[in-house]
Amino acid sequence: MEKRALITGVTGQDGAYLAELLLAKGYSVWGVKRRSSSFNTERVDHLYVDPHEKDPKFRMIYGDMTDSTNLIRIVQEVQPTEIYNLAAQSHVQVSFETAEYTANADAIGTLRLLEAIRILGLEKTTRFYQASTSELYGKVQETPQKETTPFYPRSPYAAAKLYAYWITVNYREAYDMFASNGILFNHESPIRGETFVTRKISRAVCAIHKGMQDKLYLGNLDAKRDWGHARDYVEGMWRILQHDEADDFVLATGETNSVRTFVEHAFDAVGHTIEWKGDGVDEIGLDAETGKELIAIDPRYFRPTEVELLLGDATKAKEKLGWEATTKFQDLVTEMVQADMKKIELETNRKDRSS
Ligand code: NDP
Ligand code: GDR
């Protein structure tokens, strides 16, 4: 039988990696993209096929998680064998500003999609993956965090994702649907959104090194995250839906590092050593060689409630799915910095040629 995947959030980091993976596995992939006044498909443009071609393997369709009738029509048209629900307002800090919208898209959006499957009578033919998150653990209850660790959300984003998590479990139990949660810890890549801390750092480090930016402003340097590579994590999503029964799985590396350590490694990748001085909002990071101030704190980037420590235990995924994170923290940082350096150099060459 033809494998047809529907990916919501296909234009995001994970959507792009997942679409590539599924196409390589022979799937037909349909991605849901939002209408935007500027181009928003940069991450998947390389997968684009002329829709006039006969039977293209990758297609995009307009949609929005806040629009039930649209979602029902999409599921009806695609008749997917697998749905990966990756669409979300995914920025934790932004969720404090746009709490209601975040709940609508991330929580009720998930319900809308599950309902679309039911309304169309596809409960027995469509498998459903929900992009759940380590943000559910929030305020530390125990470490490392695993499937049985209690949740304590610390943001409107996490509270919305908590609803999405439980409605997925509920539809599995109530309607015998194959609906699974992947509780994924932070995963990054060279195509990570520019406002998440890792990519913000890798871009700034390159711009500072090239003399195009003076300083990098950050918030909480002591928050700790379990950072892995997005490429590994989309493989885990796929394995979760291939398992013989629907279930919930943590995907994590089992190693945690602070934002501060990320900054140090990133600068190190371009040959700068960082020395820290002062504390609290007055802390600064200096270039150990020149004494130049490269990092400062901007309290705007502190969150009203913070998640201080995330460290995951992915033993269940290893035992039941044979999944393990393969990219080490240091290699991830280096890959991101090198990719941004290449981008800056290409951009500079292009400007030089056109002037
Ligand atoms: P991104 O922010 O990179 O991508 C989010 C995607 O959702 C984009 O395609 C975006 O479209 C789309 N989207 C946002 N709002 C809507 C809406 N109302 N209707 C339709 N589409 C919408 O996130 P990631 O790829 O990093 O993450 C994928 C999913 O996994 C998200 O649900 C996230 O919350 C979750 N997650 C991510 C983790 C991570 O570390 N990356 C860890 C755990 C969970 P557009 O491009 O137009 O903005
Ligand atoms: P997170 O990612 O909130 O973990 O959510 P983010 O990279 O935004 O923050 C990580 C930590 O860094 C601290 N921080 C800063 N964060 C940002 N964005 N900008 C800064 O300047 C800055 N300075 C310090 C934050 O306070 C935080 O502690 C990501 C998203 O992908 C979610 O969708 C996903 O669910 C979780 O990861 C797992």
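Cut-offs applied
Residues numbered from 1 in each chain as written. Chains lettered and ligands numbered in written order. Predicted model: local features only at pLDDT ≥ 70, side-chain atom pairs only at ≥ 80, totals over all residues. Pairing = 2+ DSSP bridges. Helix = DSSP H or I, 4+ residues; strand = E, 2+ residues; numbered from the N terminus. Axes fitted to C-alpha atoms, helices over the stretch in contact; angles between N-to-C directions. Contact = placed C-beta atoms within 7 Å. pLDDT = per-residue confidence, 0-100. Buried ≥ 20, exposed ≤ 12 C-beta atoms within 10 Å, placed from the backbone. Near = placed C-beta within 6 Å. Nonpolar A, V, L, I, M, F, W, Y, C, P; charged D, E, K, R; others polar. Domains from an automatic or database assignment.

Some words on the sheet that holds strand S2 (residues 28–33)
Here is step 1 of the chain: Spatially, seven strands are ordered S3-S2-S1-S4-S5-S6-S11 in an open sheet, and the strand pairing comes out parallel. Lying at the two open borders of the sheet, with one neighbouring strand each, are strand S3 (58–62) and strand S11 (248–251). Neighbour to neighbour, the strand axes of the sheet diverge by 20° on average, direction disregarded.
Here is step 2 of the chain: Note: strand S1 (residues 4–8) against S2, five bridges, orientation parallel. Following the sheet pairing, Thr8 is matched in S2 by Val32.
Here is step 3 of the chain: On top of the sheet, helix H5 (residues 156–175) reaches strand S5 (127–133) and strand S6 (179–184); it is set at about 150° to S5, its chief contact.

Some details on the sheet that holds strand S8 (residues 216–218)
Here is step 1 of the chain: Across the sheet, four strands lie side by side as S8-S15-S14-S13; this open sheet has mixed pairing. Every other strand in the sheet has two partners, leaving S8 and strand S13 (274–277) as the edge strands with one partner each. Strand-to-strand twist across the sheet, computed as the mean angle between neighbouring axes with direction ignored, equals 20°.
Here is step 2 of the chain: Its contacts with the sheet place helix H8 (residues 259–268) against S8, S13, strand S14 (284–287) and strand S15 (293–297), and it is angled at close to 145° to S13.

Observations regarding the confidence of the model for the protein chain
Close inspection of predicted coordinates is inappropriate for parts of the model with low pLDDT.
Here is step 1 of the chain: Put simply, the protein chain has an average pLDDT of 97, and 100% of its residues get 70 or more.
Here is step 2 of the chain: For this predicted complex, the interface score ipTM comes out at 0.99, while the overall pTM is 0.98.

Observations concerning unusual backbone geometry
Here is step 1 of the chain: In the segment running from Thr143 into Pro144, the intervening peptide bond is cis, with an omega of -10°.
Here is step 2 of the chain: Looking at the secondary structure, you find Pro144 in the loop between S5 and H5.
Here is step 3 of the chain: One non-glycine residue, Asp55, lies in the positive phi region at around 50°.
Here is step 4 of the chain: With 7 C-beta atoms counted inside 10 Å, the residue Asp55 sits in the exposed group.
Here is step 5 of the chain: A positive phi is found at Asp176, a non-glycine position, where the angle reads about 55°.

Re the site of ligand 2
Here is step 1 of the chain: Not every one of the 22 residues close to ligand 2 is listed here, only the nearest: Ser90, Thr133, Val197, Gly219 and Ala223.
Here is step 2 of the chain: Listing elements by their share of the shell around ligand 2, those giving two or more residues are helix H3 (92–97) and helix H6 (197–209).
Here is step 3 of the chain: Take the shell around ligand 2: its biggest share by element is three residues, from H6.
Here is step 4 of the chain: Taken together, the residues of the shell around ligand 2 sort by class into eight nonpolar, nine polar and five charged.
Here is step 5 of the chain: Residue contributions to the shell around ligand 2 reach at least three from each of two domains, namely domain 1 (4–189 + 226–255) and domain 2 (197–224 + 258–307 + 328–354).

Thoughts on the domain arrangement of the protein chain
Here is step 1 of the chain: When its domains are assigned, the protein chain resolves into domain 1 (4–189 + 226–255) and domain 2 (197–224 + 258–307 + 328–354).
Here is step 2 of the chain: In this structure, domain 1 and domain 2 have C-alpha centres spaced 30 Å apart.
Here is step 3 of the chain: Among the elements that line the side of domain 1 that touches domain 2, the one with the most residues is H3, at three residues.
Here is step 4 of the chain: Residue composition of the side of domain 1 that touches domain 2, by class: three nonpolar, four polar and four charged.

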